[in-house]
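Structural overview
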Amino acid sequence: MTDAPGKAQMKYLIIYAHPNAKSFNHAIKETIEAALKASNAAVAVRDLYEIPFDPALKTAELEMVEGVPVPEDVKQEQEYIRSSDVLIFIYPIWWSDMPAILKGYVDRVFSYGFAWSMEQNVFNGLLHGKKAVIVNTLASGRDDLVNMGLLECMSKTIDAGIFDFCGIQVIEHKYLCGVLDATAEERTRMLKEVEEMMGRIIGKQA
Ligand SMILES: Cc1cc2nc3c(=O)[nH]c(=O)nc-3n(C[C@H](O)[C@H](O)[C@H](O)COP(=O)(O)O)c2cc1C
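Criteria and cut-off values
Position numbers for residues count from 1 along each chain, tracking the sequence in the order it is written. Given that this is a predicted model, residues contribute local features only at a pLDDT of at least 70 and side-chain atom pairs are listed and counted only at 80 or more, while totals for whole chains, interfaces and linings are drawn from all residues. Only DSSP runs of H or I reaching four residues or more are called helices, and only runs of E reaching two or more are called strands; each is numbered from the N terminus. For this measure, only C-alpha atoms enter the radius of gyration; the expected value for a globule follows 2.2 Å times N^0.38, where N is the number of residues. Comment: burial labels come from other C-beta atoms within 10 Å of the residue's own C-beta, placed from the backbone, where a count of 20 or more is buried, 12 or fewer is exposed, and between is partly exposed. By the criterion used throughout, residues are in contact when their C-beta atoms, derived from the backbone, lie within 7 Å. Helix span, expected: 1.5 Å multiplied by one less than the number of residues in the helix. The term nonpolar core means buried Ala, Val, Leu, Ile, Met, Phe, Trp, Tyr and Cys residues held together as one set by C-beta atoms within 7 Å. Convention adopted: a line fitted to C-alpha atoms gives each axis, helices being fitted over their contacting stretch, and angles between N-to-C directions are expressed from 0 to 180 degrees. The sense of a crossing depends on the near helix, which, turned anticlockwise from the far helix by less than a right angle, makes the crossing left-handed and, turned clockwise, makes it right-handed. Polar here means any residue outside two lists: the nonpolar Ala, Val, Leu, Ile, Met, Phe, Trp, Tyr, Cys and Pro, and the charged Asp, Glu, Lys and Arg; Gly therefore counts as polar. Any two strands are treated as partners once DSSP identifies two or more bridges connecting them. When the strands point away from the viewer, a crossover counts as right-handed if the route from the first strand across the helix to the second turns clockwise.

For the chain, the helix and strand inventory stands at six helices and seven strands. For the chain, whose C-alpha radius of gyration is 17 Å, the value lies close to the compact-globule estimate of 17 Å for 206 residues. Projected onto the principal axes, the alpha-carbon positions of the chain cover approximately 50 × 50 × 30 Å. Considering the chain as a whole, with its 206 residues, one finds that 31% of them fall into the buried category. Look at the contacts in the chain between residues 6 or more apart in sequence, and 82% of them connect residues 24 or more apart.

With that settled, the discussion passes to unusual backbone geometry. Look at the link from Ile51 to Pro52: it is a cis peptide, with omega at -15 degrees. Its place among the elements puts Pro52 in the loop between β2 (42-47) and α2 (72-82). With a phi angle near 65 degrees, Asn40 is a residue other than glycine that sits in the positive phi range. Residue placement: Asn40 occurs in the loop between α1 (24-38) and β2.

This brings us to the environment of Ile93. Turning to its location among the elements, Ile93 is positioned in the loop between β3 (86-92) and α3 (100-109). We classify Ile93 as buried; it has 22 C-beta atoms within 10 Å. Here the alpha-carbon distance between Ile93 and Met154, two residues 61 residues apart in the chain, equals 9.5 Å.

Attention shifts here to helix α5 (residues 150-163). With 14 residues, α5 ought to run about 20 Å at 1.5 Å a step, and its terminal C-alpha atoms sit 18 Å apart, in line with that. In this structure, the buried side of α5 is in contact with β6 (131-137), α4 (142-147) and β7 (169-176).

The biggest cluster of nonpolar side chains holds 50 residues, and the ones touching the most others in it are Tyr12, Ile14, Ile32, Leu87, Ile88, Phe89 and Ile90. Elements with a minimum of two residues in this core: β1 (11-16), α1, β3, α3, β6, α5 and α6 (184-205). Ranked by residue count, the leading element in this core is β3, at six residues. Ignoring sequence-local partners within four residues, the contact set of Ile32 consists of Ile14, Ile88, Ile90, Val194 and Met198.

Contact pair α1 / α6: the axes reach a minimum separation of 9 Å and the direction vectors enclose 35 degrees. The way α1 lies across α6 gives a crossing that is right-handed. Two secondary-structure elements touch here, α1 through Phe24, Ala27, Ile28, Thr31, Ile32, Ala35 and Leu36 and α6 through Arg187, Leu191, Val194, Glu195, Met198, Gly199 and Ile202. A class-by-class count of the residues in the contact of α1 with α6 yields 10 nonpolar, two polar and two charged.

An order of β2-β1-β3-β6-β7 is seen for the five strands of this open sheet, with the pairing classed as parallel. Each edge of the open sheet carries a strand with a single partner, namely β2 and β7. Mean inter-strand twist for the sheet, computed between neighbouring axes without regard to direction, equals 15 degrees. Strands in contact with α1 are β1, β2, β3 and β6; relative to β3, the strand with the most contacts, it is inclined by about 160 degrees.

Burial of β1 is extensive: five of the six residues sit out of reach of the surface. Relative to β2, β1 is paired through six bridges, and the arrangement is parallel. When the sheet's bridge partners are listed, Ile15 is paired in β2 with Arg46. In the classification by handedness, the crossover that spans β1, the intervening α1 and the parallel β2 is right-handed. Pairing between β1 and β3: five bridges, direction parallel. Bridge pairing links Tyr12 to Val86 in β3.

With respect to the helices and strands, the residue Arg82 is situated in helix α2. Sequence-wise, Arg82 and Asp164 are 82 residues apart; in three dimensions their C-alpha atoms are separated by 16 Å.

Below is the structure:
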C-alpha cells in the first residue's frame, strides 16, 4: 500500500518494559506490533530489558544545561522518539507505578533540553505534536482501583505529570485490570480489545 502524495507515513515507536517473554504484556506487545505491521505502518520496538537499558540517572545528567553532552545510550533513545509520531508504552503496573527500568528511561531520556525546558520560571514541553498510547496490566480489579482512587492517581501522575508536561498528547491510556485472575477467554477478549483500540488509532492517524 502506498501513501497518498504528500501524506507522510505515521511512525510508531513501541516502548516495552517486561522481563518475561511468556508474560501477558509480551502477548500485548505482539498484538500491537502485528496490528501495526498489518496496516503497513512504520514501527520500531525498544524492549528495555532486552537492550538492556540502564535506568540509573548519572550525576552529570542532572546538569540542566543545554549543550552538555548527552550519553550515547540516551541519545540513541531520544533519536527513536524524535523520529516517531506515536509512542506506545506497554508495561505492567508495579506498586501503582511503572517498572523501575521504565521510570529510569523517563528520568534519563525525557531530559531537560530534549523533552522540556524552563524559561523565566515557566516550564515548556518540547515534544508537542507527538502522541502517546499507554497499555497497562494490573492484578487488582477495576472496582477496587476506582474506589481507592488509584486509577485516577496513575492517570494524573503518568498522563499529566509526565506526558502532558512534555507536550505529548495521551490519546489512549488503557488499564487491563484483574489480569492474574483472568481466564484464557478473558485474556483473549482483552487482546481483542487491544487490537480494536489499535484499529481505531491507526484509522485516525492515517
Ligand atoms: C513488583 C510487583 C508489584 C506489583 N504491584 C501491583 C500494584 O500495585 N497493583 C496491581 O494491581 N498489581 C500489581 N502487581 C501485579 C502486576 O501488575 C501483574 O502481575 C501484571 O500486570 C501481570 O501481567 P504479566 O503477566 O504480563 O506480568 C505487581 C507485581 C509485581 C511483580
